[in-house]
Amino acid sequence: MLITDSIIKPPGLVYLFPQAREEILFFDIETTGLSPKASSLYMIGVMFFDKEQDAWHIRQFFADNYKSEPGIIMSFLEMLGGYKYLYHFNGKTFDIPYILDKCRKHGIKPDSHCLSVLNDTSGIYSIDLLLLVRPLKKLLSIQSAAQTSLERWLGIMREDQYNGGQLISVYSQYIQFKLVSPDKAPELEKLLLLHNHDDITHMLDVCSILSYRDFFAAGNNITITDIAPRGSQYINITFRHNIQIPKRVPITKPFPSSKEETIPIQNIHLDIGKNTAVLSVPLFYGNLKYFYPDYKNYYYIEEEDRVIHKSLAVKHTQAAGRQETGIKYKQAAASKCYGKKEGIFIPSLALCQPENYITQFYITYHDKICFYALPYETVDIYNPFWENYVKLQLAAFINTKAK
């Protein structure tokens, strides 16, 4: 078994890990096939952070002969024993099951800590980057969630030009050269080590894509800096954020369709920059309804298309002086128990939480899209309405379909 160590250059893209970096171990394996029963494990690469040197290190356990497989696995498990979190790319589906299968084959028994990390299904201790990035793929217009595709989306070009499948024959040739042409083996060894090296080091760059998850999370601290109309149909809300975004991303999304198909609602636009973002929201001018939840306490007056609380019905009749003509009170149905408001409204990708106490307006009962009335002080960036509204939209972006 050959062991190599190296310090990598600081990553060009920064990600603020939720865990302490010195508690994180990255890993990636190289094999001669997909099935652990019909192929060999010839390399495990790991990456860890040295707090004293303030740098990431790579260590590669390489099988320079066909007998090294058990030693590689045990060396990896010894490393894993000192770390709390394990990062990988598609490791849940491939790397981890492969290693566990090889452990059973060689009679290797990982200790309880290693087993708990490798068998973690919660995503807390065993973190699969592919599973975290995949929900962002459509939203960010990423064509493929393969690691090399993510690297290209970030503008990263790796030195390694091979994929894992192509290197299977390279490793086979390397073993042959070790026996018959030892002088040719080092060049192939370099290619094999480089591929694994780039796979692991660029995981750090791929981690930066997780910044978009943090951007859309409820805990993202934002500060409204400007509110301005964009013509008569849209309003632009500019805000600062504290997330280190790797690249600017413009996103366009449709609002949920209204049951009232004759009333079209324009798309919402979000332009995410490195320090600021702009949310561009269409305006709705007209008359909308807000529905009372306790409809059983209301009467519906059909002639006037409105409701009145039962406790006020008698007073209303007397005040109107219409005791003799009579007012036709009907028990209000949920779909008829509403008030009306005319004004300027903005649509929402999602409903606000009940504790926010923001009145929601609708075009029709149980519609898929709701609206909020614009505050009278539209340009007041300090009105808490705007921060609440933006955070509500951001949280909904990641849970709705991209256009």
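Everything numeric here is computed off the predicted structure, so don't read it as measured data.

Asks: Tell me about helix H6 (residues 166–180), and name the residues and values.
Replies: For H6, spanning 15 residues, the distance from its first C-alpha to its last is 22 Å, which sits close to the expected 21 Å at 1.5 Å a residue. All of the buried residues in H6 are Leu167, Val170, Tyr171, Tyr174, Ile175 and Phe177. Seen end-on, H6 carries its buried residues on one side only, within an arc spanning 160°. Of the exposed residues in H6, those oriented more than 90 degrees away from the buried face are Leu179 and Val180. Packed against the buried residues of H6 are strand E3 (41–50), strand E4 (55–62) and helix H7 (185–207).

Asks: Run through the sheet that holds strand E12 (residues 284–291), naming residues and quoting values.
Replies: Taken in spatial order, the three strands of this open sheet run E12-E16-E17, and their pairing is antiparallel. Both edges of this open sheet fall to E12 and strand E17 (370–373), since each of them pairs with a single strand only. Strand-to-strand, the axes of this sheet are offset by a mean angle of 70°, without reference to chain direction. Against the sheet, helix H10 (residues 384–397) makes contact with strand E16 (338–348) and E17, and its axis sits at roughly 70° relative to E16, the strand it touches most.

Asks: Go over the packing of helix H1 (residues 69–80) against helix H2 (residues 91–106), please, and point to the residues and values.
Replies: With their axes 10 Å apart at the nearest point, H1 and H2 run at an angle of 120° to one another. By the angle between their axes, H1 is oblique relative to H2. Viewed along their axes, H1 and H2 form a crossing whose handedness is left-handed. Seen from H1, the contacting residues are Glu69, Pro70, Ile73, Phe76 and Leu77; seen from H2, they are Ile99, Lys102, Cys103, Lys105 and His106. Of the residues belonging to the contact of H1 with H2, the class tally is six nonpolar, one polar and three charged.

Asks: Can you lay out the sheet that holds strand E9 (residues 249–253) for me, pointing to particular residues and giving the numbers?
Replies: Strand order in this open sheet of five strands is E7-E8-E11-E10-E9, and the pairing throughout is antiparallel. For this open sheet the edge positions go to strand E7 (222–230) and E9, each flanked by a neighbour on one side alone. Averaged over all adjacent pairs, the angle separating strand axes in this sheet is 15°, with direction ignored. As judged from the five bridges shared by E9 and strand E10 (residues 268–272), these two strands associate in the antiparallel manner. Directly across from Thr252, in E10, lies its bridge partner His269. Packing of H10 onto the sheet brings it into contact with E7, strand E8 (234–241), E9, E10 and strand E11 (276–282), and relative to E7 it is tilted by some 95°.

Asks: Quick one: what's the story with the packing of H6 against H7, residue by residue and with numbers?
Replies: Where H6 contacts H7, the two axes come as close as 9 Å, and the packing angle between them is 145°. At the point where H6 passes H7, the crossing takes the left-handed sense. Facing Leu167, Val170, Tyr171, Gln173, Tyr174, Phe177 and Lys178 of H6, the residues of H7 in contact are Ala185, Leu188, Glu189, Leu192 and His195. Residue composition of the contact of H6 with H7, grouped by class: eight nonpolar, two polar and two charged.

What counts and what doesn't
- Residues numbered from 1 in each chain as written.
- Predicted model: local features only at pLDDT ≥ 70, side-chain atom pairs only at ≥ 80, totals over all residues.
- Heavy atoms only, no water.
- Helix = DSSP H or I, 4+ residues; strand = E, 2+ residues; numbered from the N terminus.
- Expected span 1.5 Å × (residues − 1).
- Buried < 20%, exposed > 50% of the residue type's maximum accessible area, 1.4 Å probe, protein only.
- Arc of directions from axis to C-beta.
- Contact = heavy atoms within 4.5 Å.
- Pairing = 2+ DSSP bridges.
- Axes fitted to C-alpha atoms, helices over the stretch in contact; angles between N-to-C directions.
- Parallel < 35°, antiparallel > 145°, perpendicular 65-115°, else oblique.
- Left-handed = near helix turned anticlockwise from the far one by under 90°.
- Nonpolar A, V, L, I, M, F, W, Y, C, P; charged D, E, K, R; others polar.

None of the figures reported here should be taken as evidence of function without further support.
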